[in-house]
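Each chain, letter by letter, is given below.
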Amino acid sequence: MNDEQQVSRSNRSGKKKSPKKSHKIRNTILSLILLVILIVAGLFGYAYMQTKGAIDKSYVEPTMKKARDVSSVMKSGRPISILLLGTDTGELNRHYKGRTDSIMLVTINPKKDKTTIMSIPRDTLVSIVGHEDTFPQKINAAYSYGSAESTIKTVQKWLNVPIDYYALVNMGGMEKVVDKVGGVKVNSPLTFDFNPDTAHATGGNLYSFTQGSSTYTHNGKTYTSMTGEAALAFSRMRYDDPQGDYGRQNRQRLVLQGIIKAAENNPTKLLDSGFLNSITSSMQTDLSYGDMITMVRKYAGAADNVKNDHIQGDGYSLSSGSTEVVSSDEQQRATNVLRKSLGLKQAQTGPLYGGDVSTATMNTIGVPTN
């Protein structure tokens, strides 16, 4: 094994969290898709055509065969699954295709009035379905290889769980929401500086946040309410957080709580065609307007009972960078949780890395084979 193929286990800073422990996350993509659905519900019968026109702009006809007849599933009111993806495209002047930095598989069970959110670490080691020759890869790279379809196929095969729909939101959408509601107030959980141009605490375009305070500084000025750009800077920082990506998810949740509070205080700001068009231009989904109406009618009760979970990996350092390797036991646990929440029979989880990869290749790279 040469130096480039050498693999080492990396130690996490801080206490390792139990995979069975619920991890509370309310990140960008979940907030935005729920916001759109709530607006649909609120305007239905009031401005039907206006709302439908905006939602239709985000709709993309499915290009791949679904794992099951989703139309029948939805009409009968059976549990459904939605893969929620957040890209960095459009985030702080970044316009390339990007990767999916946020990945969650959500199941909605109207019979039990329960929603389950399973967060998948962006650095999870996988073999991307249709691009197995690129192994090893991180799961967030699947989108850059084959858009949403590659991500859906990989997650679906890896966990052996049918994915009925998907919703993709770029991070520019959150900026628009924050600015539309007039800014948000968030108390920072830690003190840090962040430059959105460098993704580090270097350079002149620094946002400075203080632990326990909603006050921050930027370009020599002090603010008490975050603009959209400030909220993105606050949500993006990862390298200087002792909890890494988990800490970033927590800050995203705080921003979204601020959005929800601001929207509740002045909901009329959201009810105009310009804003709807702005939000839906930042979103792509194979959920049609009719599907959303059905969700409002048959699945809304499940939103009051949300269970948050996450797949826990072990840190490895590969030639491709820091990676999370999920054990077969943890993979099976996630499959069991998701299939149960969908009312499906228990079944064996999928291949260890999703797409097909030989044992010899795994041994060469130095990662688990079972």
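By the naming in an unreviewed UniProt entry, the chain is LCP family protein, taken from Weissella sagaensis. As recorded by UniProt, the Sequence similarities (unreviewed entry) comment attached to the chain reads in full: "Belongs to the LytR/CpsA/Psr (LCP) family."

Turning our attention to the pattern of salt bridges. The final tally for this structure, using the stated rule, is 10 salt bridges. In this structure, Arg 122 engages Asp 123 in a salt bridge whose closest nitrogen and oxygen atoms are separated by 3.4 Å. Taking the shortest distance from any N to any O, the salt bridge between Glu 149 and Lys 153 comes out at 2.9 Å. A residue pair is termed a helical-turn pair when its members lie 3 or 4 positions apart in one helix, as Glu 149 and Lys 153 do in helix H4 (residues 142-159) at 4 residues. The class of Lys 153 is partly exposed, set by a relative accessible area of 32%. Residues joined by salt bridges that share partners form a network here, namely Arg 122, Asp 123, Lys 138 and Arg 238.

The geometry of an aromatic ring pair comes down to the distance between the two centres and the angle between the two planes. Within this structure, the stated rule accounts for 8 aromatic pairs. Judged by centre distance (5.2 Å) and plane angle (65 degrees), the rings of Phe 209 and Phe 234 are edge-to-face. In this pair, Phe 209 is assigned in strand S9 (residues 207-209) and Phe 234 in helix H6 (residues 228-236), connecting sequence segments 25 residues apart. Overall, the relative accessible area of 0% leaves Phe 234 in the buried class. Each residue in the set Phe 192, Tyr 207, Phe 209, Tyr 216, Tyr 223 and Phe 234 is aromatic and connected to the rest through ring pairs, giving one cluster. One Lys or Arg, Arg 251, reaches over the ring of Phe 192 and ends 5.3 Å from the middle of that ring.

Spatially, S8-S9-S10-S11 is the arrangement adopted by the 4 strands of the open sheet, whose pairing is antiparallel. Of all the strands in the sheet, the pair left with one neighbour each is strand S8 (192-194) and strand S11 (221-223). Here the strands of the sheet are splayed against their neighbours by 20 degrees on average, with no regard to which way each runs. Contacting S8, S9 and strand S10 (216-218), H6 runs over the sheet at an angle of about 65 degrees to S9.

A few words now on the confidence of the model for the chain. In this model, the chain carries a mean pLDDT of 80, and residues with pLDDT of at least 70 account for 77%. Least confident of the elements in the chain is strand S1 (residues 8-9), whose mean pLDDT is 43; most confident is helix H10 (residues 328-341), at 98. Confidence over residues 38-47 falls short of pLDDT 50; this stretch has 17 contacts with residues more than four positions distant or in other chains.

What follows deals with the sheet that holds strand S4 (residues 114-119). Strands in a sheet are paired, the pairing made by backbone hydrogen bonds, and the direction either parallel or antiparallel. With mixed pairing, 6 strands are arranged side by side in an open sheet as S12-S7-S2-S3-S4-S13. With partners counted over all chains shown, the strands left at the sheet margins are strand S12 (283-285) and strand S13 (306-310), one partner each. Direction aside, the axes of adjacent strands within the sheet are offset by 20 degrees on average. Here strand S2 (residues 80-87) pairs with strand S7 (residues 165-170) via 6 bridges, running parallel. Paired with Leu 84 across the two strands is Ala 167, which belongs to S7. Across the sheet, helix H9 (residues 289-299) is in contact with S2, strand S3 (100-109), S7 and S12; its angle to S2 comes to roughly 125 degrees. Its contacts with the sheet place H10 against S3, S4 and S13, and it is angled at close to 155 degrees to S4.

The rules behind these values
- Residues numbered from 1 in each chain as written.
- Predicted model: local features only at pLDDT ≥ 70, side-chain atom pairs only at ≥ 80, totals over all residues.
- Heavy atoms only, no water.
- UniProt positions renumbered as here; feature names shortened; annotations may be inferred.
- Salt bridge = Lys/Arg side-chain N within 4 Å of Asp/Glu carboxyl O.
- Helix = DSSP H or I, 4+ residues; strand = E, 2+ residues; numbered from the N terminus.
- Buried < 20%, exposed > 50% of the residue type's maximum accessible area, 1.4 Å probe, protein only.
- Phe/Tyr/Trp six-rings, centres within 6.5 Å; stacked < 30°, edge-to-face > 60°.
- Lys NZ or Arg CZ within 6 Å of the ring centre and 35° of its normal.
- Pairing = 2+ DSSP bridges.
- Axes fitted to C-alpha atoms, helices over the stretch in contact; angles between N-to-C directions.
- Contact = heavy atoms within 4.5 Å.
- pLDDT = per-residue confidence, 0-100.

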